[in-house]
Amino acid sequence: MYNPFSLNGKTILVTGGSSGIGRATAIECGKLGANVVVTGRNPERLKGVFDELDTSAAQRHQMVVADLATTDGIDCLTAALPNLDGLSSNAGTIVGNKPIRFLNEMDIQSIMQTNTFAHVLLAKLLFKKKLLNKGASCVFTVSIGGTLSHVPGSSIYGMSKAALDSFVKYAAIEFSARGIRCNSVCPGMIDTPLVNSPTLTDEDMAIDAQKYLLKRYGKPEEVARTAAFLLSDASSFITGTSIVVDGGYTVNH
Amino acid sequence: MEIQDFIASIAELFEDTDANDLTADTRFKELAEWSSLIALSIIAMVDEEYDVALKGDDIRKSNTIQDLFNIVKENA
C-alpha cells in the first residue's frame, strides 16, 4: 500500500520518552512501524511506555534508562545504540524558571543542561560515532517560547529553546554531507506533565487556552504526529527549518 | 517572622506603587500595576526568603497581604 508517511523498517531513537511529547512520539513511531529505542530517566515510567509500543508489524523495540543531563548518561546511551534512521530529541524541563531578578546560576545551568546542552552533545556523538545512517532525520522538540513568543518569568527556558532551535539549523548544514536532515518542532502549550506548573492555577490555564485560535491546549499526540512526519520519507526535502504546532497561538498575537 | 518585613519584600516587587501605601490589609491584586509577572515574583520571593513553595492557587485565594502572609507562616 502507498504510504510515504510510514516509518516501517526505520529505527528511531526517542529521548525524553518516559512522559509527555517524547512518550507520545515513541508510541506514534511504533504505530507507524518503526523499531523504537526509547530512553528516559525514570525506569518504571519508561517500562510503561516500552510495554505500550506497538509490535503488530514485528517491530523490535529497545529501552535504555539514561539521564542525558550527564555525560555518563549520554555515553551510556550511545554505547547501547544500534544504527539509527531517526532521532526524536525531547528531554526538557521548566524547573527553575522564574523572573529574572530571582535567577541564580544553578537554575540557569540546570535548564540549559537539559534543554540545550544534552541535545547538542547527543547529536554530536550520534554523528561522530556514525550512528545516524545516511539519509537519517533528526527532529528536536523546541517551543514557541523563546523563538516566537516571550512571556514574563520564562527567560531561561526561552533562551534554552532559542539556542537549541539555532543549533538545529547548524546541524542541518553540517550533517547534510551525509544526507541527514535536521528540523525542529515548535509546540505551543501542550497538555503534558511539564506544563502543569504549580505556579499556574487551573483558572489561569483555562484563560490562557482561550488565546489559542482552536480554544484549547494541544495534545502530545498532535506534536508527535508532526515529528513522525519529519521522521518519515514524506518530508524528504525538508531540512533546516521548524514547524510550529500551536493551534494558532502565534498568528493571533 | 514579621509582617512588616513581608510587606517590605512585597513592596520591592512593585515599581510604581509607593511602599508606604502597602499595609497588611492592602488588596494587592487590585493594585493598578498588578500583573502575572508580579504574581510569579511573589512566588519566587517567598521561596527565596522563606523557603516556602507557594502555589498559584495560594495567590488566587488570597485577597490581602495578610492572607498571603498567613499561608507563608503556616507552611514555614
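Each chain carries its own residue numbering, running from 1 in the written order of its sequence. The lettering of chains begins at A and the numbering of ligands begins at 1, in the order of writing. The model is predicted, so local features are restricted to residues of pLDDT at least 70 and side-chain atom pairs to those at 80 or more, both for listing and for counting; the totals for chains, interfaces and linings are taken over all residues. Hydrogens and water are ignored here; the side-chain numbers use all heavy atoms of the structure.

Draft legend 1. Region of the structure containing the overall build of chain B. Only DSSP runs of H or I covering at least 4 residues are called helices, and only runs of E covering at least 2 are called strands; the numbering of each starts at the N terminus. A tally of helices and strands in chain B yields four helices and zero strands. In sequence order, the secondary structure elements of chain B are arranged as α-α-α-α. In terms of overall dimensions, chain B has a C-alpha envelope of 30 × 25 × 20 Å along the principal axes. Expressed as a percentage of its 76 residues, the buried residues of chain B come to 46%. Contacts are residue-level and defined by heavy atoms, with any inter-residue pair within 4.5 Å sufficient. The contacts of chain B with a sequence gap of at least 6 include a subset with a gap of at least 24, amounting to 56%. Residue-level accessible areas treat just the shown protein chains as cover; the underlying method is Shrake-Rupley with a 1.4 Å probe. Within the structure as shown, chain B displays about 4200 Å² of accessible surface, and the carbon and sulfur contribution to it stands at 40%. A simple rule labels every residue: compare its accessible area, found with a 1.4 Å probe on the protein chains alone, to the largest value its type can have, and call it buried under 20%, exposed over 50%, or partly exposed in between.

Draft legend 2. Layout of empty space enclosed by the protein. Residues and elements named next belong to chain A. For cavity detection a 1 Å grid was placed over the protein atoms alone, and a set of points counts as a cavity when a 1.4 Å probe fits there but cannot get out; an open set counts as a pocket when protein lies on both sides within 12 Å along at least five of seven lines, with lining residues being those that have an atom within 4 Å of a point. Grid points are joined across faces, edges and corners, and a volume is the space filled by probe spheres set on the points. For the structure shown, the criterion picks out one cavity of 30 Å³ or more. Considering only enclosed or pocket space, the largest cavity measures out at about 30 Å³ in volume. Lining the largest cavity are I21, T25, S88, N90, V139, T141, V185, V223 and A227. Within the residue set of the lining of the largest cavity, elements represented by two or more residues are α1 (20-31), β5 (132-141) and α7 (220-231). Three classes are used, and their members are as follows: Ala, Val, Leu, Ile, Met, Phe, Trp, Tyr, Cys and Pro are nonpolar, Asp, Glu, Lys and Arg are charged, and the others, Gly among them, are polar. When its residues are assigned to classes, the lining of the largest cavity shows five nonpolar, four polar and no charged.

Draft legend 3. Structural context of the nonpolar core. Throughout this description, the term nonpolar core refers to a set of buried Ala, Val, Leu, Ile, Met, Phe, Trp, Tyr and Cys residues connected via side-chain atoms within 4.5 Å. Counting residues in each nonpolar core, the largest one holds 37 residues, and the members touching the most others are L13 and L126 of chain A. When contributions to this core are tallied by element, the ones reaching two or more residues are α3 (71-79), β4 (84-89), α4 (105-128), β5, α5 (155-175), β6 (181-187) and α6 (202-209) of chain A.

Draft legend 4. Looking closely at the environment of S155 of chain A. All names here are of chain A. Note that S155 resides in helix α5. For the pair S155 and G145, spaced 10 residues apart in sequence, the C-alpha to C-alpha distance is 8.9 Å. Excluding residues that lie within four positions of it along the chain, S155 makes contacts with N97, K98, I100 and L103.

Draft legend 5. Region of the structure containing the pairing of strand β2 (residues 35-40) of chain A. Residues and elements named next belong to chain A. For β2, a buried count of six out of six residues is recorded, marking the element as mostly surrounded by other parts of the structure. Pairing between strand β1 (residues 11-14) and β2: four bridges, direction parallel. What sits directly across from T11, in β2, is N35. Note that β2 and strand β3 (residues 62-65) share four bridges and pair parallel. Residue pairing across strands places T39 opposite V64, the latter belonging to β3. As for the winding sense of the linkage, the β-α-β connection from β2 through helix α2 (residues 43-52) to β3 is right-handed. At least two bridges found by DSSP between two strands are what make those strands a pair. Here the term right-handed applies to a crossover when the path leading from its first strand over the helix to its second strand runs clockwise, the strands being oriented away from the viewer.

Draft legend 6. Quick peek at the interface of chain A and chain B. Between chain A and chain B, the contact holds 11 residues from the first and 16 residues from the second. When chain A packs against chain B, the two sides together hide about 1100 Å² of surface, and 67% of this comes from carbon and sulfur. Taken as a group, R101, F102 and T199 of chain A account for 47% of the area that chain A buries against chain B, more than any other trio of residues on that side. When a carboxyl oxygen of Asp or Glu lies within 4 Å of a side-chain nitrogen of Lys or Arg, that pair is called a salt bridge. Linking chain A with chain B are one salt bridge, by the criterion used here. A salt bridge links R101 of chain A to E12 of chain B; its shortest N-O distance comes to 3.6 Å. In terms of residue class, the side of chain A that touches chain B is built from five nonpolar, three polar and three charged. In short, buried area is how much 1.4 Å probe accessible area vanishes from two parts on joining, totalled over both.

Draft legend 7. Inspection of the packing of α3 of chain A against α4 of chain A at higher detail. Residues and elements named next belong to chain A. For every element, the axis is a line fit to its C-alpha atoms; helices are fit only across the contacting stretch, and the angle between N-to-C directions ranges from 0 to 180 degrees. For the pair α3 and α4, interaxial distance at closest approach is 10 Å and the crossing angle is 35°. Note that α3 runs across α4; the crossing there is right-handed. Note on element contacts: α4 touches α3 through A118, L121, L122, L125 and L126, opposite I74, D75, L77 and T78. In terms of residue class, the contact of α3 with α4 is built from seven nonpolar, one polar and one charged. Two helices crossing with the near one rotated counterclockwise from the far one by less than a right angle form a left-handed crossing, whereas a clockwise rotation gives a right-handed crossing.

Draft legend 8. View of the packing of aromatic side chains. Pairs were defined over the aromatic rings of Phe, Tyr and Trp, the Trp ring being its six-membered one, requiring ring centres within 6.5 Å. Orientation was assigned from the angle between planes: stacked under 30 degrees, edge-to-face over 60, tilted for the rest. Evaluation of the coordinates by the stated rule reveals eight aromatic pairs over all chains. Where F127 of chain A meets F175 of chain A, the ring centres are 4.1 Å apart and the plane angle is 5°; that geometry is what we call stacked. Here F127 of chain A is found in helix α4, whereas its partner F175 of chain A is found in helix α5, with 48 residues between them in sequence. F175 of chain A shares its class with F127 of chain A; the two are buried. Measuring from centroid to centroid gives 5.7 Å for F6 of chain B and Y50 of chain B, while their planes differ by 70°, and the two rings are edge-to-face. One end of the pair, F6 of chain B, is in helix α1 (residues 3-12); the other, Y50 of chain B, is in helix α2 (residues 36-50), and 44 residues separate them in sequence. Any Lys NZ or Arg CZ found within 6 Å of a ring centre and within 35 degrees of that ring's normal is scored as a charge over the ring. In this structure, R178 of chain A packs its charged tip against the face of F127 of chain A, placed 3.7 Å from the ring centre.

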